Amino acid sequence: MAHPVTATIRAYQMGFGDCFLLSFAYSDASTRHILIDFGSTGMPDKTKFSLEDVAADIALQCGGALDIVVATHRHKDHISGFATAADGKGSGDVIRGLKPKCVIQPWTEAPDAPEGWSGPDGPESAKSFAAHQTSLENMHAVAQAVVDRLDREDGFDPRWPLADRLRFVGEDNIKNVSAVKNLMTMAGAAKNNIYVYHGCHLDLAAILPNMTVHVLGPPTLQQSASIKTFAKSSADYWFKAQQLATLAASEGVAKSKTSMLFPGLEKADTFRQTKLPTEMRWVAERIDFAEQDQMLGIVTALDNVMNNTSVILLFEAGKKKLLFPGDAQLENWSYALQSDMADLLNDVDLYKVGHHGSLNATPKSMWQRFKKRGKANAPERLTTVMSTMAGKHGGKNGLPTEVPRVPLVNELKTDSTLFNTQDLQPTQLCQTITINLQ
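Residues numbered from 1 in each chain as written. Predicted model: local features only at pLDDT ≥ 70, side-chain atom pairs only at ≥ 80, totals over all residues. Heavy atoms only, no water.

### Focus on the nonpolar core
Thought 1: Ranked by internal contacts, the top residues of the largest apolar core, which has 36 residues, are Leu22, Phe24 and Phe315.
Thought 2: In terms of residues, this core owes the most to one element, strand 2 (residues 17–26), which gives four residues.
Thought 3: The contacts of Phe24, once residues within four sequence positions are left out, are Thr6, Ala7, Ser30, Thr31, Arg32, Ile34, Met211, Phe315, Ala317 and Leu437.
Thought 4: Within the second largest apolar cluster, 27 residues are counted, among which are Ala55, Cys62, Val103 and Ala187. (Core = buried A, V, L, I, M, F, W, Y, C linked by side-chain atoms within 4.5 Å. Buried < 20%, exposed > 50% of the residue type's maximum accessible area, 1.4 Å probe, protein only. Helix = DSSP H or I, 4+ residues; strand = E, 2+ residues; numbered from the N terminus. Contact = heavy atoms within 4.5 Å.)

### Observations regarding the side chain of Ser23
Thought 1: Tracing the sequence through the fold places Ser23 in strand 2.
Thought 2: Polar side-chain contacts of Ser23 include one of 2.8 Å to the side chain of His33.
Thought 3: In contact with Ser23, not counting residues within four places along its chain, are Thr6, Ala7, Thr8, Arg10, Thr31, Arg32 and His33. (Polar contact = N/O pair within 3.5 Å; in protein donor to acceptor, adjacent residues only side chain to side chain.)

### Thoughts on unusual backbone geometry
Thought 1: Gly217 connects to Pro218 through a cis peptide bond whose omega is 5 degrees.
Thought 2: With respect to the helices, strands and loops of the structure, Pro218 is situated in the loop between strand 7 (211–217) and helix 7 (244–248).
Thought 3: Going from Val403 to Pro404, the amide bond is cis rather than trans, its omega being 0 degrees.
Thought 4: In this structure, Pro404 sits in the loop between strand 11 (383–386) and helix 13 (406–415).
Thought 5: The residue Ala29 is not glycine, and still its phi comes out positive at about 75 degrees.
Thought 6: Mapped onto the elements of the fold, Ala29 is located in the loop between strand 2 and strand 3 (31–40).

### Concerning helix 1 (residues 51–61)
Thought 1: Buried residues of helix 1: Val54, Ala55, Asp57, Ile58 and Ala59, and no others.
Thought 2: Contacts from the buried residues of helix 1 go to strand 1 (4–12), strand 2, strand 3 and helix 3 (91–97).
Thought 3: One or two residues past the end of helix 1 sits Gly63, with phi positive at roughly 65 degrees.

### Let's talk about the sheet that holds strand 1
Thought 1: Ordered by their spatial adjacency, seven strands build an open sheet running 6-5-4-3-2-1-13, and the pairing between neighbours is mixed. In this open sheet, the two edge strands, each paired with only one partner strand, are strand 6 (193–196) and strand 13 (430–436). Here the average twist between neighbouring strands, direction ignored, is 20 degrees.
Thought 2: Across three bridges, the pairing between strand 3 and strand 4 (residues 68–70) is parallel. Looking at strand 4, one finds that Ile34 is bridged to Ile68.
Thought 3: Here helix 1 sits on the sheet and contacts strand 1, strand 2 and strand 3; the angle it forms with strand 3, its principal contact strand, is near 175 degrees. (Pairing = 2+ DSSP bridges. Axes fitted to C-alpha atoms, helices over the stretch in contact; angles between N-to-C directions.)

This is the structure we're talking about:
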């Protein structure tokens, strides 16, 4: 029987987003193609490529047929490319036309869940596992309300220091109805939609012969309730001990920026008209800023929860292992790292850097497990690939939260062979990495 001999990873230039075409070449000259995520919250300024251009190249590279589509979670920067268009020429229409044999998503995406359900409790319930859909809808509704408020002429004050961050996080969490529906139906029969969770048996032998695909995450709520939480600080995060105090105080940063009486009051009418007496305008301004602080806290919490539903897949092909964790954060990873599957990570050959290089998506305890880390001349050195765009998310007000996180990037450069989409020229559509599986 044919066996995989090489793996080619095409990391597309998506700005702040993810799109990876993973192609396994077999000994019988056949190739299997897997698309892992396809989305963006904005291409780099000088890049002329569109989502349609990326979709066209995917179609070209896979010869007009995809085998598997993986949507790790439903954030805009991971699924917006799956959206269809009224004229049938959208990027999602192109991917749909490639007729994938199956679509893999987290258990939280299954459409037939009973309300309040917390996930599958074992393989015997695999046909029915799904998430509490009402919760997902409510999360999207809150995000939509925040963005609508930002778009209103009398909406949030644009002078607020974190207004851009509020818009970015809010827009990323808006439900992309077209993409979600397309993912549910592009593989044809419902049986071809596979909803996975930590440790579930993922049988892809008919599509990927002589390969094993391990599912390390996300856990179900019955396995671990940690995916509903988010820790502000951890020894697994990529910052120094002295930065803990700065991070812990972050909730008060925005308020300290706006807590002085009458800041910029002479400019108030430039940004909005008000009939309030002059002596009362500063009160309204303080209330407005406080409301924005609360909204940012809410949508950030929703953002973290959604990231922790990310699918974590480990492809074992030939003698190599390739790890793709979507945007899984520490709370998602913590269950896998304490499970009997943790040792699978020890000899990973390629790691797709989680969440665009954020401080909490590559736990230090996981990174230290990678035995193939090493200097440039190390044999079988670890390969890492990251899709990111600096300056788009995090790092405001001096907090150690910039994406990508500088200490993590430095470590990736020092102890692995790093391919970063941010290094692509405006005329380059993707980076291509080839791994010998023998």
